[in-house]
Amino acid sequence: MSQGNIIISFESAWKYLTSLRDLRAPIIQGIRTHRTNTWWDEHLTEDNASFLKKVITEEYKQQTTDKLSPLKDEPWPRHEWVEGSRRVGLVAVKLGMMPVWTKSGERQVVTMLQVQDCHVVKHLSKEEYDGHTAALIVGGKNVSPFHRPEGYLEVFRNAGVPPKQKLTTFCVSDNAIIKPGTPLYAAHFRPGQYVDVTAKTIGKGFQGVMKRWGFKGQPASHGQTKTHRRPGSLGPGGDPAKVFKGKKMPGRMGNIYDTTHGLKVWRVNTKYNILYVNGSVPGHRNCLVKVKRLTHTHTNSQVCEVKCTCPQVEYLFEGEGSAFIFSASVFTFSSVKLKKELCTVLSMPAQSLTLAR
Amino acid sequence: MFLVHTLLCQRSNMAACTRRTRQMLGLLRILRNFPQNERLLSTSVLRHNVASDGPPKFTPPSKPVIIDKTQKEASLRRFLSPEFIPPRQRTNTVKFSVERKDMIQRRKVLNIPEFYAGSIVAVTMTDPHVNGSLNRFVGICIQRSGKGLGATFKLRNVVDGQGVEICYELYSPRMRKIEVLKLEKRLDDNLMYLRDALPEYSTFDFDMQPVHYEITGDVPVNPLKVKMRPKPWSKRWERPKFNIKGIRFDLCLTPEMMEHAQKWAEPWRPYDMLKEYDTSSLEEQIFKEVQENLRK
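Quick caveat, the model's predicted, so the values are computed rather than measured.

Observations concerning the overall build of chain A
Consideration 1: Helix and strand counts for chain A come out as six helices and 12 strands.
Consideration 2: For chain A, buried positions account for 39% of its 357 residues.
Consideration 3: Across chain A, contacts joining residues at least 24 apart in sequence account for 71% of those joining residues at least 6 apart.
Consideration 4: Surface summary for chain A: the accessible area is close to 20,700 Å², and the carbon and sulfur share equals 54%.

In structure tokens form, the structure reads like this:
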């Protein structure tokens, strides 16, 4: 590589990088050799590295804009909603929490989930997935391709979409399958709907039995000898003469996937693609979160599945100016014909879509 | 003549203004014909008329200054309410900007004046249980906490010998009016020690009249040092962690006790670089944004 600005083609640079990554196996079997892994930057000059970074960002932008127009990228046919059909969900980023007041003056707390670059990445048919339902793999936030393995990036290359940080699978009925590459936005959910949110909980490390399982422990005084937070007895005595499997004991707590069910969507900000979801959600700030429609129907009629076509106006938190603002920056179309195309992408009826300033 | 006319305009409404202008112009047209008044009235209109023979050029009347009596004069100080400054966290800035929009939206409807811990504030809120009734409470602001939409402030007063503290949310839709009866600062940001002070320092009359305060210049600092009830207090206010300057420790504690309290001093705190949070540039940016959006 000579000095100065070298304009190398993207393809050749990519081949070079991938070739470096395959040099993992030792040259001669049986001899303990030092692994010759290199990182993408190691054998490149600064100019080349910066060039690659620039090229990658431009490519991402191009890919996203290509997928934005449903005219260039024809979507799959849209089907009618049927009782029992399941739609895709979204992958969002947990921003933070804030208060929200109802019309009667009651205060609720709300978590803000921002949908950043959510694309459908792959479609698995019934046979490929589990034999019962079809599945759609959806990806979240965009991420750099440089520190990711080749196999991971291949999926995205096939879909024509930039690589994502988180991939999740949504079980979907056959009438709700979406073409890989379609972008998904926060408007997928409407205020008044109920969602389940799944995320990895905050890791607490190795924790004792009181924090992990909520045991009561022992009294602080009155003669307790060195026993204040211990689990106490481990089970019945001589008859089983063993400790049952699954006994609650100290151990690693957190950093596992957990779901909060039945969270009401209060508000949807379509300019920044933010969902305002009731209550708290597992995970730390800026973590990626899987949002899907409520699957378990409660006996309480208020929480029942709402027909996904038209939004229930009474659930809309009125007085919120930004609730349904489709700003010009998100969708650049203005004519009615293109509006219809948009609706096929978002799978919702044309009447409910309002384009406002 | 025009000075008089503009003064009149300030006091009257638009319709009267235009009528008066027409009257004035009519008068001027009449006066124009008398050449001896040319030197007395050196108006530009006359000169223009003398130069060209066409009809007099229409000069639009000066815009009337609308004095909004419902809102007191907004402070001309560079004051940014503390809840706008984002805390030192690893949060996405989008969250703060979106929340700030909501806060500005609310501020356009309800005027939230400038006040500090130590100023006397009167708050009118709607009662959630009785339709249409309003509750008014007057008290000294002892604490302003919280960031963003959930910002709160606590008002303290002694009513019928009973100390009462109410925590209000600044952006709650139940708030009807927040008016500052006396704007001043104290030696501390947090006046929670008033709970252990003599009740005279927390009693304020509900029918207190608002005290006039300057819109420009510095906020007056009240150097009052408060006398405390005998110990035990709710918190050990003498400890350096609270850093209280507004208590008369010499009347309630011995110098030995003060020295003993210094055992809990943490002299390394001001040098802790990880706790440094310089908000000056952020504040300026946010102040500009807020002012701009409020004017819209």
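Examining the overall build of chain B
Consideration 1: Each helix and strand counted, chain B has seven helices and five strands in total.
Consideration 2: Starting at the N terminus and ending at the C terminus, chain B contains elements arranged as α-α-α-α-β-β-β-β-β-α-α-α.
Consideration 3: Per-residue burial for chain B yields a buried fraction of 38% across its 296 residues.
Consideration 4: When contacts within chain B are restricted to residue pairs at least 6 apart in sequence, those whose partners lie at least 24 apart make up 66%.
Consideration 5: Total accessible area on chain B stands at roughly 19,300 Å², and carbon and sulfur atoms take up 54% of it.

Here we look at the interface of chain B and chain A
Consideration 1: Residue-level contacts link 17 residues of chain B with 19 residues of chain A.
Consideration 2: When chain B packs against chain A, close to 1,400 Å² is buried across both sides, 56% of that on carbon and sulfur atoms.
Consideration 3: For the chain B face of the interface with chain A, the top three residues by lost area are B:Asn92, B:Lys95 and B:Val98, together amounting to 30%.
Consideration 4: On the surface where chain B and chain A come into contact, there are two salt bridges.

Quick word on the packing of aromatic side chains
Residue and element names in this part refer to chain B.
Consideration 1: Taken as a whole, this structure holds eight aromatic pairs over all chains when the rule is applied.
Consideration 2: Between Phe-79 and Tyr-116 the ring centres are 5.2 Å apart and the planes differ by 65 degrees, which places this aromatic pair in the edge-to-face class. You can see Phe-79 sitting in the loop between helix H3 (44-51) and helix H4 (93-109) and its partner Tyr-116 sitting in the loop between H4 and strand E1 (120-126), a full 37 residues away along the chain.
Consideration 3: Residue classification places Tyr-116 among the buried residues on the basis of a relative accessible area of 16%.
Consideration 4: Centroid distance Tyr-193 to Trp-237: 6.3 Å. Interplanar angle 75 degrees. Geometry classified as edge-to-face. Here Trp-237 lies in the loop between strand E5 (175-182) and helix H5 (249-252) and Tyr-193 lies in the loop between E5 and H5, a separation of 44 residues in the sequence.
Consideration 5: In this structure Tyr-193 comes out as buried when scored by relative accessible area, which is 1%.
Consideration 6: Accessibility expressed as a relative area gives 6% for Trp-237, which makes it buried.
Consideration 7: Among the aromatic residues, those joined into a ring-pair cluster are Phe-115, Phe-153 and Tyr-168.

Concerning the environment of A:Thr227
Residue and element names in this part refer to chain A.
Consideration 1: Looking at where Thr-227 falls in the secondary structure, it is placed in the loop between helix H5 (209-213) and strand E9 (251-253).
Consideration 2: When the C-alpha positions of Thr-227 and His-132 are compared, they lie 52 Å apart, and in sequence the two are 95 residues distant.
Consideration 3: If sequence neighbours within four positions are ignored, Thr-227 has contacts with Gln-218 and Pro-219.
Consideration 4: Of the polar contacts made by the side chain of Thr-227, one reaches the backbone oxygen of Thr-225; its length is 2.7 Å.

Structural notes on H4(B)
Consideration 1: The terminal C-alpha atoms of H4(B) lie 25 Å apart, and with 17 residues this matches the ideal 24 Å at 1.5 Å per residue to within 8%.
Consideration 2: Along H4(B), the residues that are buried comprise B:Val94, B:Lys95, B:Phe96, B:Val98, B:Glu99, B:Arg100, B:Asp102, B:Met103, B:Ile104, B:Arg106 and B:Arg107.
Consideration 3: Elements that come into contact with the buried residues of H4(B) comprise strand E1 (90-101), strand E2 (107-114), strand E10 (257-269) and strand E11 (274-278) of chain A together with E5 and helix H7 (280-295) of chain B.

Focus on the sheet that holds strand E4 (residues 162-169) of chain B
Consider a sheet: its strands pair through backbone hydrogen bonds, and that pairing is either parallel or antiparallel.
All names here are of chain B.
Consideration 1: As summarised here, the arrangement of the five strands in space is E4-E3-E2-E1-E5, forming an open sheet in which the pairing is antiparallel. The open sheet has two edge strands, E4 and E5, and neither has a second partner. Neighbouring strand axes in the sheet, compared pairwise and without regard to direction, differ in orientation by 35 degrees on average.
Consideration 2: As paired strands, strand E3 (residues 152-159) and E4 are joined by eight bridges and run antiparallel to one another. Residue Thr-152 lies in a different strand from E4, and its bridge partner there is Glu-169.

Re unusual backbone geometry
Consideration 1: Residues B:Lys231 and B:Pro232 are joined by a peptide bond in cis, for which omega reads 10 degrees.
Consideration 2: Positionally, B:Pro232 belongs in the loop between E5 and H5.
Consideration 3: Phi at A:Ala241 is positive, roughly 55 degrees, even though this residue is not glycine.
Consideration 4: Secondary-structure assignment places A:Ala241 in the loop between H5 and E9.
Consideration 5: One non-glycine residue, B:Asp160, adopts positive backbone phi at about 55 degrees.
Consideration 6: For B:Asp160, a relative accessible area of 81% gives the class exposed.

Description of the confidence of the model for chain B
In regions of low pLDDT, the predicted coordinates are not meant to be interpreted in detail.
Residues and elements named next belong to chain B.
Consideration 1: Considering every residue of chain B, the mean pLDDT works out to 85; 79% of them sit at 70 or more.
Consideration 2: Long-range and interchain partners of residues 2-12, a stretch whose pLDDT sits below 50, account for 13 contacts in this model, where long-range means more than four residues apart.
Consideration 3: What the predictor reports for the complex is a pTM of 0.74 with an ipTM of 0.73.

Quick word on the pattern of salt bridges
Residues and elements named next belong to chain B.
Consideration 1: Within this structure, the stated rule accounts for 16 salt bridges over all chains.
Consideration 2: Arg-144 is paired through a salt bridge with Glu-83; the nearest N and O atoms lie 3.1 Å apart. With Arg-144 in strand E2 (residues 134-145) and Glu-83 in the loop between H3 and H4, this pair connects stretches of sequence that are 61 residues apart. For the pair formed by Arg-144 and Glu-83, the shared burial category is buried.
Consideration 3: Taken together, the shared-partner salt bridges connect Glu-83, Arg-107 and Arg-144 into one network.

Each value, and the rule that gives it
Residues numbered from 1 in each chain as written. Chains lettered and ligands numbered in written order. Predicted model: local features only at pLDDT ≥ 70, side-chain atom pairs only at ≥ 80, totals over all residues. Heavy atoms only, no water. Helix = DSSP H or I, 4+ residues; strand = E, 2+ residues; numbered from the N terminus. Buried < 20%, exposed > 50% of the residue type's maximum accessible area, 1.4 Å probe, protein only. Contact = heavy atoms within 4.5 Å. Areas by Shrake-Rupley, 256 points an atom, 1.4 Å probe, with all protein chains shown as cover. Buried area = accessible area lost by both parts, 1.4 Å probe. Salt bridge = Lys/Arg side-chain N within 4 Å of Asp/Glu carboxyl O. Phe/Tyr/Trp six-rings, centres within 6.5 Å; stacked < 30°, edge-to-face > 60°. Polar contact = N/O pair within 3.5 Å; in protein donor to acceptor, adjacent residues only side chain to side chain. Expected span 1.5 Å × (residues − 1). Pairing = 2+ DSSP bridges. Axes fitted to C-alpha atoms, helices over the stretch in contact; angles between N-to-C directions. pLDDT = per-residue confidence, 0-100.

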